[in-house]
Amino acid sequence: MKSNRDTVSFTFNGKPLTGYRGEPIAAALLAAGIRTLRKHEESGNPRGLYCAIGHCMECRLSVQGKGIVRSCLTPLEDGMTVLEGQQLANEITGRKLP
Amino acid sequence: MKPKLQQTDLIIVGAGPAGLSAATAAADNGLSVTVIDEFPEPGGRMLGQFHEEQGHWWVGKRIADELIEKNRAQGVSIRCGVSVYGMLKVDQLWEVSTSHGTWTAPRVLLATGAAEIPMPTCGWTLPGVMSIGAAQVMTNVHYVKPGKRGLIIGVNVLAMAIARELSVSGVMLAGIVLPPGGPLAGKAALPRNNLQVLMGLSHLAPSPILRFGGKIAYALGMAGIVSSLFPRRGIKLWDIPLKLRTAAVSINGTDRVESVTLADVNAKGEIIAGSEREEAVDFVALAGGLYPLAELASVAGCPFIYTPELGGHLPLHSERMQTPVEGLYVAGNITGVESALVAMAQGQLAAASICSDAGVLGEDGDRKVVEAIGEVQRVRASALIQFHPGIPEARRKIYRMWQQTYEAGV
Amino acid sequence: MKPSSLIICRCEEVTIEQLEQAYQTGSCTSRQLKMKTRASMGACQGRVCRQLVDAWVHDKDPDSPHDAELLSYRPPIRPITFGQLAKGEL
């Protein structure tokens with residue numbers, strides 16, 4: 001059992017939260033009731049955790065100093081600044097939306 | 001500056017039941033072994049598995065802990081949080097490229113396990129919809145419940161086993177229902193087919209997962225003959241309503257799952273008009289089954305073979321776990337979807353094969369490999385969790401093909 | 001949502017309807033459908049939906065071959081940064 005786990009502080013989209021050191025960022029966010037981890041780059045549709053073991057890339061978000069990471073595999077550290085994945089401008093994606 | 005290469009005798013990709021069993025067996029025979037896995041802790045999917053077996057609980061985490069302890073004592077290097085992104089053979093040595101540098105070894109064992117097949121349903125991109133394995137990992141590995149009340153879409157061994165685990169862990173489930181009909185679900189959307197799947201499983205007595213009580217066995221038995229006799233309200237399996245005459249039509253919500261629209265279906269899996277209703281849930285787990293995760297075998301140039309009984313496309317391999325690519329071996333679910341116990345026996349067999357080929361077993365090599373093959377067969381025959389009834393015959397077919405292709409004339 | 005607007009590829013938000021249109025205009029194998037619609041060409045490299053695309057093609061034409069080479073994998077098979085790539089040598 002994972003007893004005696006340290007509690008650490010981090011922020012998600014500027015909102016202060018706490019979680020356990022070393023647990024995946026996605027687990028800490030789910031425990032805090034946060035399901036939307038990312039907006040689809042083209043459509044902007046909300047996306048959340050899907051496979052939880054690094055296969056699907058759906059939970060990717062941005063961690064200051066690390067860039068875009070899979071939040072289901074990235075351990076939570078004290079003081080992390082986490083931002084949800086953003087919809088990109090159409091000039092960047094270059095694709096016409098229906 | 002030229003990057004530092006870290007060299008060992010054997011690199012194992014995947015720290016699950018197959019990889020860890022192979023590592024300890026290979027280290028036992030004197031090989032230096034490095035195990036690489038991208039999950040933050042070793043153990044693979046065993047970490048979240050547990051079930052009742054002959055009156056006691058089989059707890060995967062405990063088996064994993066024992067294997068990890070053995071490996072550490074033998075000096076096996078287990079590197080977690082490291083992602084392998086490619087591999088290439090240069091001058092008789094494999095160069096395995098990872099997020100944390102390059103490892104080299106004359107032999108590589110791929111024990112990368114399986115990946116999930118989804119069960120697509122309208123609205124399945126909403127946050128709160130996840131694969132059944134994700135619900136298991138969140139609950140049993142990270143100790144975070146996937147939601148307050150959920151629904152499982154898809155009826156198969158994996159769904160039933162994980163449903164039981166979730167219920168034991170205190171996660172509330174509104175039920176297990178059929179997927180919507182259509183080309184993606186195929187037979188999985190037919191009530192009768194699902195009953196046959198379940199009846200088949202309950203005949204694998206003493207199946208701990210599906211040891212039905214008298215009333216339930218009767219209901220399933222009757223339903224097996226005439227699926228329309230299956231109670232429309234469903235039956236309770238442990239405390240989870242199993243609804244084989246109900247299908248999910250759509251998953252609803254604006255920015256997260258709020259409800260699922262359910263409807264009654266006839267024996268052909270068609271929606272009965274007017275039977276639609278909404279079930280309030282805050283998460284949905286999709287269960288479409290597993291397939292061998294073999295990307296690295298493909299990158300390494302290994303040919304594939306299509307074997308539906310074992311989960312689809314898998315790397316061609318011999319009964320000794322060798323692939324046609326020299327120095328490349330496979331073990332565990334990458335060779336076909338079976339239980340953790342079979343994967344562990346396959347890991348030991350792969351290690352025997354690797355040690356024999358490396359020449360460290362002397363004249364005992366062949367005998368040890370043959371013994372290990374026997375052990376895999378024994379474990380497979382007594383496996384309590386069988387993913388498909390045709391596994392032994394499908395395996396024989398693969399090995400025959402191997403012999404015809406690579407051992408002809410030898 | 002109509003069943004025809006069911007998404008098959010989450011990464012690229014490709015629907016069954018789009019697969020159907022591509023099929024009608026001559027894209028008949030998994031690989032051709034991938035090239036035409038981007039289904040299984042997104043961030044997950046097809047790990048989530050390639051089985052679905054394969055099943056869909058087989059439902060259309062039960063005689064089509066199950067050929068793994070039609071949808072192969074290419075490195076890098078996991079996301080890596082340019083920094084990590086530069087340190088490796090591949």
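Our subject in this report is the structure included herewith. Quantities reported herein were computed from a predicted structural model and do not represent experimental measurements.

With respect to the pattern of salt bridges
- Applying the stated rule across the entire model yields 26 salt bridges over all chains.
- Measuring nitrogen to oxygen at the nearest pair gives 3.0 Å for the salt bridge that ties Glu279(B) to Arg149(B). With Glu279(B) in strand E18 (residues 277-280) and Arg149(B) in strand E13 (residues 149-153), the pair connects residues that are 130 residues apart, well separated along the chain.
- The exposure class of Glu279(B) is buried, given its relative accessible area of 17%.
- Given the relative accessible area of 27%, Arg149(B) is considered partly exposed.
- Note that Arg320(B) and Asp366(B) form a salt bridge whose closest N and O atoms lie 3.0 Å from each other. Here the residue Arg320(B) occupies a position in the loop between strand E22 (312-315) and strand E23 (328-330), and Asp366(B) occupies one in helix H9 (residues 365-381), the gap between them amounting to 46 residues.
- Residues participating in the shared-partner salt-bridge network are Arg38(A), Glu41(A), Arg47(A), Glu58(A), Arg60(A), Arg10(C) and Glu13(C).

Details of the interface of chain A and chain C
- In this assembly, 13 residues from chain A lie in contact with 11 residues from chain C.
- Buried surface at the junction of chain A and chain C, both sides included, amounts to about 1,100 Å², of which 47% is carbon and sulfur.
- Taken together, the connections running from chain A to chain C amount to two salt bridges.
- The residue Arg47(A) makes a salt bridge to Glu13(C) at a minimum N-O spacing of 2.8 Å.

Some details on the interface of chain C and chain B
- On the side of chain B, 32 residues touch chain C, which itself brings 33 residues to the contact.
- Summed over both partners, the interface of chain C with chain B comes to about 3,100 Å²; 65% of that surface belongs to carbon and sulfur atoms.
- Counting the contacts that link chain C with chain B gives three salt bridges.
- A salt bridge links Glu295(B) to Arg47(C), with the nearest nitrogen and oxygen atoms 2.2 Å apart.
- Put simply, chain C and chain B have 10 residue pairs in polar contact (both at pLDDT 80 or more) between them.
- When residues of the side of chain C that touches chain B are traced back to their parent elements, those giving at least two are strand E1 (7-9), helix H3 (50-60) and helix H4 (82-87) of chain C.
- Top contributing element to the side of chain C that touches chain B by residue count: H3(C), with six residues.

Re the layout of surface pockets
- Estimates place the volume of the second largest pocket at around 650 Å³.
- Lining the second largest pocket are 20 residues, and of these Ile68(A), Val69(A), Arg70(A), Pro79(C) and Gln84(C) sit closest to its centre.
- Ranked by the residues each element gives to the lining of the second largest pocket, the list is headed by strand E6 (residues 67-70) of chain A, at three residues.
- Of the residues that constitute the lining of the second largest pocket, the class distribution is nine nonpolar, seven polar and four charged.

Conventions we followed
- Residues numbered from 1 in each chain as written.
- Chains lettered and ligands numbered in written order.
- Predicted model: local features only at pLDDT ≥ 70, side-chain atom pairs only at ≥ 80, totals over all residues.
- Heavy atoms only, no water.
- Salt bridge = Lys/Arg side-chain N within 4 Å of Asp/Glu carboxyl O.
- Helix = DSSP H or I, 4+ residues; strand = E, 2+ residues; numbered from the N terminus.
- Buried < 20%, exposed > 50% of the residue type's maximum accessible area, 1.4 Å probe, protein only.
- Contact = heavy atoms within 4.5 Å.
- Buried area = accessible area lost by both parts, 1.4 Å probe.
- Polar contact = N/O pair within 3.5 Å; in protein donor to acceptor, adjacent residues only side chain to side chain.
- 1 Å grid on protein atoms, 1.4 Å probe; cavity = no way out; pocket = protein on both sides within 12 Å on 5 of 7 lines; lining within 4 Å.
- Points joined across faces, edges and corners; volume = space filled by probe spheres on them.
- Nonpolar A, V, L, I, M, F, W, Y, C, P; charged D, E, K, R; others polar.

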